[in-house]
Amino acid sequence: MNKNYDQNNIFAKILNSEISCTKIDENDNAFAFLDINPQSHIHILIIPKKPYINIYDFNKNASAKEILDFWKLVNNLIEKQNITEKGFRIITNSGKDGNQDVMHFHIHLLGGKNLGRMITLNS
Ligand code: 5GP
């Protein structure tokens, strides 16, 4: 485990059932649940079951099977949500400049409406 991984982060607590969530789907290595503060009609969080801080940590240190299972779950969700044709957006925030709040790697799967332009740079 990355020495900087905080084992008390909220998603670690969701994984060990200390905190409840609305589960959507899971497989051996990944877990999907609804975001508590949805930013779109569809707003699902997908996380690896093992402890990785961000996408860099995950890509660098997860096994090939973990990485494959993670992205398989993402594609299964895209199919089940019926957004393969209509489209969607995937976001992953990392670190301070990325404004990451929860320090367990996750991606946001957003869809169900037109999501507008990707990003606004304020300064
Ligand atoms: P980040 O800013 O780290 O990319 O996103 C963290 C996300 O986790 C936010 O969209 C926030 O709404 C969501 N979140 C924070 N706490 C909880 C929680 O206890 N349960 C669920 N389901 N989502 C949470």
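This text goes with the structure placed above it.
Let us look at the structure shown here. (Residues numbered from 1 in each chain as written. Predicted model: local features only at pLDDT ≥ 70, side-chain atom pairs only at ≥ 80, totals over all residues. Heavy atoms only, no water.)

Here we take up unusual backbone geometry. The phi dihedral of Ser-17 falls on the positive side, at around 65 degrees, and the residue is not glycine. If you trace the backbone, Ser-17 turns up in the loop between helix 1 (10–15) and strand 1 (23–26). Its identity is not glycine, yet Asn-99 carries a phi of approximately 55 degrees, on the positive side. On the secondary structure map, Asn-99 appears in the loop between strand 4 (88–91) and strand 5 (107–111). Take Asn-99: its relative accessible area is 58%, and that puts it in the exposed class. (Helix = DSSP H or I, 4+ residues; strand = E, 2+ residues; numbered from the N terminus. Buried < 20%, exposed > 50% of the residue type's maximum accessible area, 1.4 Å probe, protein only.)

In spatial order, the strands read 1-2-3-5-4; together these 5 strands make up an open sheet with antiparallel pairing. Each edge of the sheet is formed by a strand with only one pairing partner; in this case those strands are strand 1 and strand 4. Put simply, the sheet's adjacent strands are angled 20 degrees from each other on average, direction ignored. Here strand 4 runs beside strand 5; their pairing, made up of 4 bridges, is antiparallel. Its bridge partner lying in strand 5, Phe-88 is registered against Gly-111. Where helix 3 (residues 64–80) meets the sheet, it contacts strand 1, strand 2 (30–34), strand 3 (42–48), strand 4 and strand 5, and its direction lies at approximately 165 degrees from that of strand 3. (Pairing = 2+ DSSP bridges. Axes fitted to C-alpha atoms, helices over the stretch in contact; angles between N-to-C directions. Contact = heavy atoms within 4.5 Å.)

This structure, assessed with the given rule, holds 4 salt bridges. A salt bridge links Asp-25 to Lys-80; its shortest N-O distance comes to 2.9 Å. With a gap of 55 residues between them, Asp-25 in strand 1 and Lys-80 in helix 3 connect regions that are remote in the sequence. Overall, the relative accessible area of 61% leaves Lys-80 in the exposed class. Across the pair Glu-26 and Lys-49 runs a salt bridge whose closest N-O atoms are separated by 2.7 Å. With a gap of 23 residues between them, Glu-26 in strand 1 and Lys-49 in the loop between strand 3 and helix 2 (55–61) connect regions that are remote in the sequence. For Lys-49, a relative accessible area of 31% gives the class partly exposed. (Salt bridge = Lys/Arg side-chain N within 4 Å of Asp/Glu carboxyl O.)

As a further point, take the pairing of strand 5. Among the 5 residues in strand 5, 5 count as buried, and that is most of the element. What you see with strand 5 is no split at all: Ile-107, Leu-109 and Gly-111 on one side and His-108 and Leu-110 on the other are buried throughout. Two elements, strand 3 and strand 5, share 5 bridges in a ladder whose sense is antiparallel. The residue bridging Ile-42 from the neighbouring strand is Gly-111, located in strand 5.

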